[in-house]
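# Structure at a glance
What follows is the residue order along each chain.
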Amino acid sequence: AKKAGRNTIRFFDPAMQASINARVKLEADLHGALANKQFQLYYQPQVSQGLDIIGAEVLIRFQHPERGLISPAEFIPLAEDIGLIVPIGRWVLETVCRQLKIWESSAHTQHLQLAANVSARQFRQTDFVDVVRQIIRESDINPNRLKLELTESLVLDDIDETIRKMHALREIGVRFSMDDFGTGNSSLSNLRKLPIDQLKIDQSFVRDISIDPDDTVIVQTIIAMANNLGLDVIAEGVETEAQRQFLENHGCHTFQGYLYSKPLPLDGFERLLP
Ligand code: C2E
Ligand code: CA
Ligand code: CA
Ligand code: CA
């Protein structure tokens, strides 16, 4: 540590400096990524009881010219911080709706639904509802095929605004799923106020579902809540047949996870379709 000025002490830590440099570099790269068409959507199948693919969750990837595919876990939080998530999120929705429109023209694919993740900063934009309505109008899709995944923390952050926006979109047919459900603090009374269609059981509970008694109880409770409220329930991160069987036995009949498929580029996903 070195004294700098009167009351400040600066630390020169090479590792910290390297991570700051990496962040600055990634930030610069992200700024050009939309224009350079370096984002790609991956599709992870969502599967129903009879093993039919009912749709997919779309998961973004950054195809970096030097580093290869970068995970959203690395760049989405940064994109949130610097506000770039707003145009990126819009691009995701445009791409999703364009794909849904293409699928509408074939009997094999017209039933498919796509679920897109919405970040807090994106949802809080004052024009969020207008933007989504406009994208739906311009792509001319059936809005019932579009599902938006919101996290509990996003929803609870300003529940009145959330309810207003969700109702406005639900009115035109958009569906909502509560992502990472169980990790946040939503109470039954909050859930009741929200126009949601689906609870998505977080993968952290699915992982040890038949081993950890706490997780077993949490999953059973989530499924019971969904049933009581008349909501669909889906489990994410389903990796083993044992997990699937447990979920099935407890009343959850829709699944997403490596047991079926990892997220795939569009052509790979379409090859899974009958
Ligand atoms: P998430 O919404 O919870 O998505 C599920 C994550 O679990 C994905 O990671 C997926 O690839 C991974 N996963 C799926 N099946 C399994 C499994 O069986 N086992 C395990 N261990 N993992 C599984 P991914 O694709 O790296 O995405 C990470 C997070 O990044 C997402 O978590 C989501 O919060 C965010 N994200 C991804 N795409 C978007 C996007 O377009 N917009 C926004 N705002 N966030 C996104
Ligand atoms: Ca999600
Ligand atoms: Ca999750
Ligand atoms: Ca998440």
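See the structure printed just above.
In this report, the structure presented in the accompanying data block is examined. The structure displayed is predicted, hence computed values, not measured ones.

### Quick word on the coordination of the calcium ion (ligand 3)
- Protein-derived coordination of the calcium ion (ligand 3) comes from Asp180 (OD), Asp202 (OD) and Glu236 (OE), at a distance range of 2.0 to 2.8 Å.
- In terms of primary sequence, the donors binding the calcium ion (ligand 3) are separated according to D-x21-D-x33-E.
- Here the calcium ion (ligand 2) and the calcium ion (ligand 3) are spaced 5.5 Å from one another. Placement of Asp180 in strand β8 (residues 175-181) and of Glu236 in the loop between β10 (232-235) and α11 (241-249) is noted, with a sequence separation of 56 residues between them.
- Relative accessible area serves as the criterion here: at 9%, Glu236 is assigned to the buried category.

### Concerning the environment of Val129
- Secondary-structure assignment places Val129 in helix α5 (residues 128-139).
- Leaving out residues up to four positions away in the same chain, Val129 has contacts with Lys165, Ala168 and Leu169.

### So, the nonpolar core
- By size, the foremost hydrophobic cluster in this structure holds 74 residues, and its most contacted members are Leu199, Ile201 and Leu247.
- Top contributing element to this core by residue count: helix α3 (residues 85-104), with 8 residues.

### Structural notes on the packing of helix α1 (residues 14-33) against helix α2 (residues 72-81)
- Where α1 contacts α2, the axes come no closer than 10 Å and their chain directions differ by 75 degrees. When the axis of α1 is compared with that of α2, the two are roughly perpendicular. Along its contact with α1, which presents Arg23, Leu26, Glu27 and Leu30, the element α2 presents Glu74, Phe75, Leu78, Ala79 and Asp81.
- Counted by class, the contact of α1 with α2 contains 5 nonpolar, no polar and 4 charged residues.

### Structural notes on unusual backbone geometry
- The phi angle at Lys37 is positive, at roughly 55 degrees, despite the residue not being glycine.
- A positive phi angle is found at Asp140, which is not glycine, with a value near 60 degrees.

### Points about the coordination of the calcium ion (ligand 2)
- Distances from the calcium ion (ligand 2) to its protein donors, Glu57 (OE), Asn117 (OD1), Glu149 (OE), Asp179 (OD) and Asp179 (OD), fall at 2.2 to 3.2 Å.
- Classification of the site at the calcium ion (ligand 2) as irregular follows from its 6 donor atoms and the range of 44 to 178 degrees in their angles at the metal.
- The sequence pattern describing where the donors of the calcium ion (ligand 2) fall on their chain is E-x59-N-x31-E-x29-D.

### Looking at helix α7 (residues 159-171)
- For α7, spanning 13 residues, the distance from its first C-alpha to its last is 18 Å, which sits close to the expected 18 Å at 1.5 Å a residue.
- Buried within α7 are the following residues: Ile159, Glu161, Thr162, Ile163, Lys165, Met166 and Leu169.
- Packed against the buried residues of α7 are α4 (120-123), α5, β7 (146-151), α6 (152-157), β8 and α8 (188-193).

### Things to note about the site of ligand 1
- The local shell around ligand 1 holds 21 residues, among which Gln44, Arg61, Gln203, Glu239 and Tyr258 are the closest.
- At a separation of 2.5 Å, a nitrogen atom of ligand 1 approaches a polar side-chain atom of Glu239.
- Compared with its free state, where it exposes 800 Å², ligand 1 has 81% of that area covered by protein.
- Of all the elements in the fold, those that place two or more residues in the shell around ligand 1 are β4 (53-64), α2 and β8.
- The dominant element in the shell around ligand 1, judged by the number of residues it contributes, is β4, at 4 residues.
- In the shell around ligand 1, the residues fall into 8 nonpolar, 7 polar and 6 charged.

### Side note on the environment of Cys252
- Here Cys252 is to be found in the loop between α11 and β11 (254-255).
- If we skip the residues at most four places from it in the chain, Cys252 touches Ile223, Val233, Ile234, Ala235 and Leu247.

### Some details on the packing of α5 against α7
- For the pair α5 and α7, the least separation of the axes is 10 Å and the interaxial angle reads 15 degrees. One element, α5, and the other, α7, form an angle in the roughly parallel class. By crossing handedness, the relation of α5 to α7 is classed as right-handed. Between α5 and α7, the residues in contact are Phe128, Val129, Val132 and Arg133 and Lys165, Ala168 and Leu169, respectively.
- Split by residue class, the contact of α5 with α7 holds 5 nonpolar, no polar and 2 charged.

### Remarks on a nonpolar patch on the surface
- A cluster of nonpolar residues, Met16, Ile20 and Val24, forms a patch on the protein surface that exposes about 280 Å² of accessible area.
- As for its placement among the helices and strands, Val24 is situated in helix α1.

What counts as what
Residues numbered from 1 in each chain as written. Chains lettered and ligands numbered in written order. Predicted model: local features only at pLDDT ≥ 70, side-chain atom pairs only at ≥ 80, totals over all residues. Heavy atoms only, no water. Donors = N, O, S within 2.8 Å, 3.2 Å for Na, K, Ca; no water. Helix = DSSP H or I, 4+ residues; strand = E, 2+ residues; numbered from the N terminus. Buried < 20%, exposed > 50% of the residue type's maximum accessible area, 1.4 Å probe, protein only. Contact = heavy atoms within 4.5 Å. Core = buried A, V, L, I, M, F, W, Y, C linked by side-chain atoms within 4.5 Å. Axes fitted to C-alpha atoms, helices over the stretch in contact; angles between N-to-C directions. Parallel < 35°, antiparallel > 145°, perpendicular 65-115°, else oblique. Nonpolar A, V, L, I, M, F, W, Y, C, P; charged D, E, K, R; others polar. Tetrahedral: all angles 85-135°; square planar, octahedral: opposite > 155°, others 65-115°. Expected span 1.5 Å × (residues − 1). Near = heavy atom within 4 Å. Polar contact = N/O pair within 3.5 Å; in protein donor to acceptor, adjacent residues only side chain to side chain. Areas by Shrake-Rupley, 256 points an atom, 1.4 Å probe, with all protein chains shown as cover. Left-handed = near helix turned anticlockwise from the far one by under 90°. Patch = residues over 30% accessible without salt bridge, like charges linked within 9 Å, V, L, I, M, F, W, Y side chains within 5 Å. Salt bridge = Lys/Arg side-chain N within 4 Å of Asp/Glu carboxyl O.

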